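# Understanding the architecture of this molecule
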Amino acid sequence: MFGIAPDILFVYGLILLAVVLFINKRISFDITSLILLAILIVSGILTPTEGLSGFSNPATVTIACMFILSEGLRRTGALDIVGDYFFKLSKLNYRLTMFIIMLIVGIISAFINNTAAVAIFIPVIISLSKDIGESASKLLMPMSFAAMFGGVCTLIGTSTNLLVDSIATDNDLAGFGMFDFTPVGIIFFVAGFIYLFTIGIKIIPERRKDESLTDTFEMQSYLTDVVLQPNSPFVGTPLKNTELIQDLDLDIFEVFDKDGNSKPDRNTINLEKKDVLRIRGSVKELNKLLNREGVLIKPNKNWEDKDFEIGNGQLVEAVIAPESSFEGKKLEQVDLYHEYEAVVLAIRQKGKIQQDHLPDIRLQSGTSLLLYANKERINDIKAAEEFVLATEIEVPDFRQSKIPVAIAIIAGVVVSAAVGILPIVASAICGVILMMLTGCLSNEEAYQSINWKVIFLLGGVLPLGVAMQKTGAAQLIVDGVITQFETFGPTAVLSAFFFLSMMLTNLISNQATAALLAPIAIEASSTINVSADPLLVAVTMAASLSFMSPIGYQTNTMIFGPGQYKFMDFVKVGTPLNILFWIIGTFAIPYFWPF
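Note that the coordinates shown come from a computational prediction; the quantities given were computed from them, not determined experimentally.

### Comments concerning the overall build of the protein chain
Looking only at helices and strands, one finds 25 helices and nine strands in the protein chain. Relative to its length of 595 residues, the protein chain is compact, with a C-alpha radius of gyration of 26 Å against a globular reference of 25 Å. For the C-alpha atoms alone, the extent of the protein chain along its principal axes is close to 90 × 55 × 50 Å. Across the 595 residues of the protein chain, 58% fall into the buried class. Sequence separation of at least 24 residues holds for 79% of the intrachain contacts in the protein chain that already meet a minimum separation of 6.

Here it is as structure tokens:
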């Protein structure tokens, strides 16, 4: 067909399939990657050794280690202490608060996983916003953007940098040092600050109001206390098996005895006369409940968050984390009560609040859940990789005595890689070993901290880049690009790669974008006989600087629900910033990495 070899057409078909599946998200992206990997090996395009090379790639190993190192630092409580200290200094006015938040998060994100930093500061910012009288939405978006600014400043700041560095060395190029990205990264950082403090600050919307969680999730008409009368046929029946709310869209999430004392574990108690059942449900469903014998609804009240602290539980807002195993599942498929003793009272998804038919709602990353959770299990929710907690809670028992040790280990990893004592993969592995041997985190915590979806994504997508180069698919794309831009010089080619990477990362993950475009950039540099470094830096930077959508980068996804943003909020604020960075990158990158 058109003189193109069959194996090249086959690889193009796989790339198209990958992009469609990544955008569609019906199949988890890690499973999508494994499907691509299996097809490449079974079809004979790649040998088994070539196909499995993604899992042994130094970038994959290093990224896994960075998840563990970040978790070790988090488990000591170092990030919480730093955040609390500086936020106390920022309670003077909005602009000072915004500046300090962006500076802290940006610096931290240059050295640890930026999603970990953002997860720590989301609840703190929501609480802080009430103290300074500003909407949390005006602070959460700048924080997310600053995390991306910081991430591009060092080799370990984001997984994309590590990934492109590994692709470069696999192609017999020099690769990048710890601070090679820093000059351009700082330019982006400063330009981003200026934009947000002049233009962005005016157009970031005030979405989240200073309200209680019950008001934020519009729960006033969905909460009711029901008294079980002596003549009720449900008296004496176990709560977990009661037919009281059978076939009704209602949830019993707390039970009090006649004296107002909260009863323990709902799985073990029997209903008794005069018990007060706290129920979530609409007026329509409650009217159906009234038709059942022995049920009396108490007069309506103006619900406040403190009303839910009397019993065993507490209201908290939890966000479905990026790459959570809950993503794509219906709520009824996720047994949150069994896992965390938590009941979902309402859901905010795509800017809309939903209180009815909750079991049928399919969860997405960025979805906010209003949970009524056992107070003793809230720290488990905070620690779970499935959630990002948006409610500030009492600090758990961190291993604060290990803070100097954890910081020293992170510093050792950075310094040893920066001065060339060890390759980054070796220094990261040594750091992980020291984190566990010194007790900064346990072996189990280390394994749990790794985002295995990202690891399998890399294991499946990296071989696709190998296939593109092996079959000549990458070269064919390069020929088309060069035909269009060669007459304008290598700077135009770089600008094209920056733009393509910037746009593609808004649709698929930043890692997938880098894995697909980096091999093409290397082929392009060879074709036009210039250094590959500036083109690779363009791909790397643009893939990690996605401001135009809440799904383009993990930190944007994490703040989408808590900030109560709309999709267009990111388009309005992020598009000018992306254009600004595109222009800056086009001219700044060749200055520091000459062709």
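So, next bit.
### Some details on the sheet that holds strand E6 (residues 342-349)
Pairing between the strands of a sheet is mediated by backbone hydrogen bonds and can be parallel or antiparallel. Pairing is antiparallel in the open sheet, where five strands are placed in the order E7-E6-E8-E5-E9. Of all strands in the sheet, those with a lone pairing partner are strand E7 (352-354) and strand E9 (387-389), marking the two edges. Going across the sheet, the axis of each strand differs from the next one's by a mean of 35°, ignoring polarity. One ladder, built from three bridges, connects E6 with E7; its direction is antiparallel.

### Quick look at empty space enclosed by the protein
For the structure shown, the criterion picks out two cavities of 30 Å³ or more. Of the voids in this model, the largest cavity is the one considered here, and its volume is about 60 Å³. Lining the largest cavity are Ile-126, Ser-129, Lys-130, Glu-134, Ser-135, Ala-136, Arg-208, Lys-209, Asp-210 and Glu-211. Here the second largest cavity defines a volume of roughly 30 Å³.

### A closer look at a nonpolar patch on the surface
Judged by side-chain polarity, Ile-27, Ile-31, Leu-34, Ile-35, Tyr-447, Trp-452 and Phe-456 come together as a nonpolar surface patch covering roughly 610 Å² of accessible area. At the level of secondary structure, the elements contributing two or more residues to the nonpolar patch comprise helix H2 (29-42) and helix H19 (452-471). No other element matches the three residues that H2 contributes to the nonpolar patch. Mapped onto the elements of the fold, Tyr-447 is located in helix H18 (residues 443-449). The class for Tyr-447 is exposed, based on a relative accessible area of 56%.

### Describing the sheet that holds strand E2 (residues 251-256)
In spatial order, the strands read E2-E3-E1-E4; together these four strands make up an open sheet with antiparallel pairing. Of all the strands in the sheet, the pair left with one neighbour each is E2 and strand E4 (295-297). Going from strand to strand, the sheet's axes swing by 30° on average, the running direction of each strand aside. In this fold helix H13 (residues 283-290) packs onto strand E1 (223-228), strand E3 (276-280) and E4, with an angle of close to 145° to the strand it touches most, E4.

### Focus: the pattern of salt bridges
As a working rule, side chains carrying opposite charge can pair if their charged atoms are close by. Under the definition given, this model contains 13 salt bridges. Through salt bridges that share partners, Glu-71, Arg-74, Arg-75 and Glu-445 make up one connected network.

### Digging into unusual backbone geometry
Phi at Glu-341 takes a positive value of approximately 55°, unusual for a residue other than glycine. Looking at the element boundaries, Glu-341 is found in the loop between helix H14 (336-340) and E6. We note that His-357 has phi near 50°; this positive angle belongs to a residue other than glycine.

### Considerations on helix H23 (residues 533-544)
Look at H23: 17 Å from first C-alpha to last across twelve residues, which is about the 16 Å you get at 1.5 Å a residue. Residues of H23 that are buried include every one of Pro-534, Leu-535, Leu-536, Val-537, Ala-538, Val-539, Thr-540, Met-541, Ala-542, Ala-543 and Ser-544, and no others. Lining the buried residues of H23 we find helix H9 (137-151), helix H10 (159-170), helix H11 (182-203), helix H21 (490-504), helix H22 (510-527) and helix H25 (567-592).

### Let's talk about the packing of helix H7 (residues 94-109) against H9
Closest axis-to-axis distance for the H7/H9 pair is 7 Å, and the angle between their directions is 30°. Taken together, the axis directions place H7 and H9 in an arrangement best described as roughly parallel. Considering only the axes of H7 and H9, their crossing is right-handed. Here Tyr-94, Thr-97, Met-98, Ile-101, Met-102, Val-105, Gly-106 and Ser-109 of H7 come into contact with H9, specifically with Lys-138, Leu-139, Pro-142, Met-143, Ala-146, Ala-147, Phe-149, Gly-150 and Gly-151.

### Notes on the nonpolar core
Across soluble globular proteins, you tend to see nonpolar side chains buried next to one another. Ranked by internal contacts, the top residues of the largest apolar core, which has 147 residues, are Ile-122, Met-143, Phe-145 and Phe-149. Ranked by the residues each element gives to this core, the list is headed by H22, at ten residues. In this structure Ile-122 touches Leu-140, Met-143, Val-388, Leu-389, Ala-390, Met-558, Ile-559 and Pro-562, once residues within four positions along its chain are discounted. Membership of the second largest hydrophobic core comes to 23 residues, among which are Ile-320, Ile-347, Ile-361 and Ile-393.

### Some words on the environment of Leu-271
One can find Leu-271 in the loop between E2 and E3. The exposure class assigned to Leu-271 is buried, which follows from its relative accessible area of 1%. For Leu-271, the residues in contact, after removing those within four places along its chain, are Leu-228, Phe-234, Val-235, Gly-236, Thr-237, Leu-239, Thr-242 and Leu-277.

### Remarks on a negative patch on the surface
Where like charges cluster on the molecular surface, the negative patch consists of Asp-210, Glu-211, Asp-215 and Glu-218. Tracing the backbone shows Glu-211 in the loop between H11 and helix H12 (213-216).

### Looking at the environment of Leu-517
Summarising the element assignment, Leu-517 is placed in helix H22. Along the chain, Leu-517 and Met-436 lie 81 residues apart, while their C-alpha atoms are 36 Å from each other. Look past the residues within four positions of Leu-517 in its chain and what remains in contact with it is Phe-497, Leu-500, Ser-501 and Val-539.

### With respect to the packing of H22 against H23
Here H22 crosses H23 at 165°, and the two axes come no closer than 9 Å. Considering their axes alone, H22 and H23 lie roughly antiparallel with respect to each other. The handedness of the crossing between H22 and H23 is right-handed. Along its contact with H22, which presents Asn-510, Thr-513, Ala-514, Leu-517, Ala-518, Ala-521, Ile-522, Ala-524 and Ser-525, the element H23 presents Leu-535, Leu-536, Val-539, Ala-543 and Ser-544. Residue composition of the contact of H22 with H23, by class: ten nonpolar, four polar and no charged.

### Re the side chain of Ser-501
Mapped onto the elements of the fold, Ser-501 is located in helix H21. Judged by its relative accessible area of 0%, Ser-501 falls in the buried class. One polar contact links the side chain of Ser-501 to the main-chain amide nitrogen of Ala-543, over a distance of 3.3 Å.

### Considering the environment of Ile-45
Structurally, Ile-45 can be placed in the loop between H2 and helix H3 (48-51). Taking the C-alpha atoms as reference points, Ile-45 and Met-468, separated by 423 residues in sequence, lie 9.8 Å from one another. Ile-45 has contacts with Asp-7, Phe-10, Val-11, Leu-40, Glu-50, Ala-467, Lys-470 and Thr-471, leaving out every residue within four places of it along the chain.

Conventions and cut-offs
- Residues numbered from 1 in each chain as written.
- Predicted model: local features only at pLDDT ≥ 70, side-chain atom pairs only at ≥ 80, totals over all residues.
- Heavy atoms only, no water.
- Helix = DSSP H or I, 4+ residues; strand = E, 2+ residues; numbered from the N terminus.
- Rg over C-alpha atoms; globule rule 2.2 N^0.38 Å.
- Buried < 20%, exposed > 50% of the residue type's maximum accessible area, 1.4 Å probe, protein only.
- Contact = heavy atoms within 4.5 Å.
- Pairing = 2+ DSSP bridges.
- Axes fitted to C-alpha atoms, helices over the stretch in contact; angles between N-to-C directions.
- 1 Å grid on protein atoms, 1.4 Å probe; cavity = no way out; pocket = protein on both sides within 12 Å on 5 of 7 lines; lining within 4 Å.
- Points joined across faces, edges and corners; volume = space filled by probe spheres on them.
- Patch = residues over 30% accessible without salt bridge, like charges linked within 9 Å, V, L, I, M, F, W, Y side chains within 5 Å.
- Areas by Shrake-Rupley, 256 points an atom, 1.4 Å probe, with all protein chains shown as cover.
- Salt bridge = Lys/Arg side-chain N within 4 Å of Asp/Glu carboxyl O.
- Expected span 1.5 Å × (residues − 1).
- Parallel < 35°, antiparallel > 145°, perpendicular 65-115°, else oblique.
- Left-handed = near helix turned anticlockwise from the far one by under 90°.
- Core = buried A, V, L, I, M, F, W, Y, C linked by side-chain atoms within 4.5 Å.
- Lys, Arg positive; Asp, Glu negative; His and termini not counted.
- Charge placed at Lys NZ, Arg CZ, Asp CG, Glu CD.
- Nonpolar A, V, L, I, M, F, W, Y, C, P; charged D, E, K, R; others polar.
- Polar contact = N/O pair within 3.5 Å; in protein donor to acceptor, adjacent residues only side chain to side chain.

Purely geometric stuff here, so don't read any function into it on its own.
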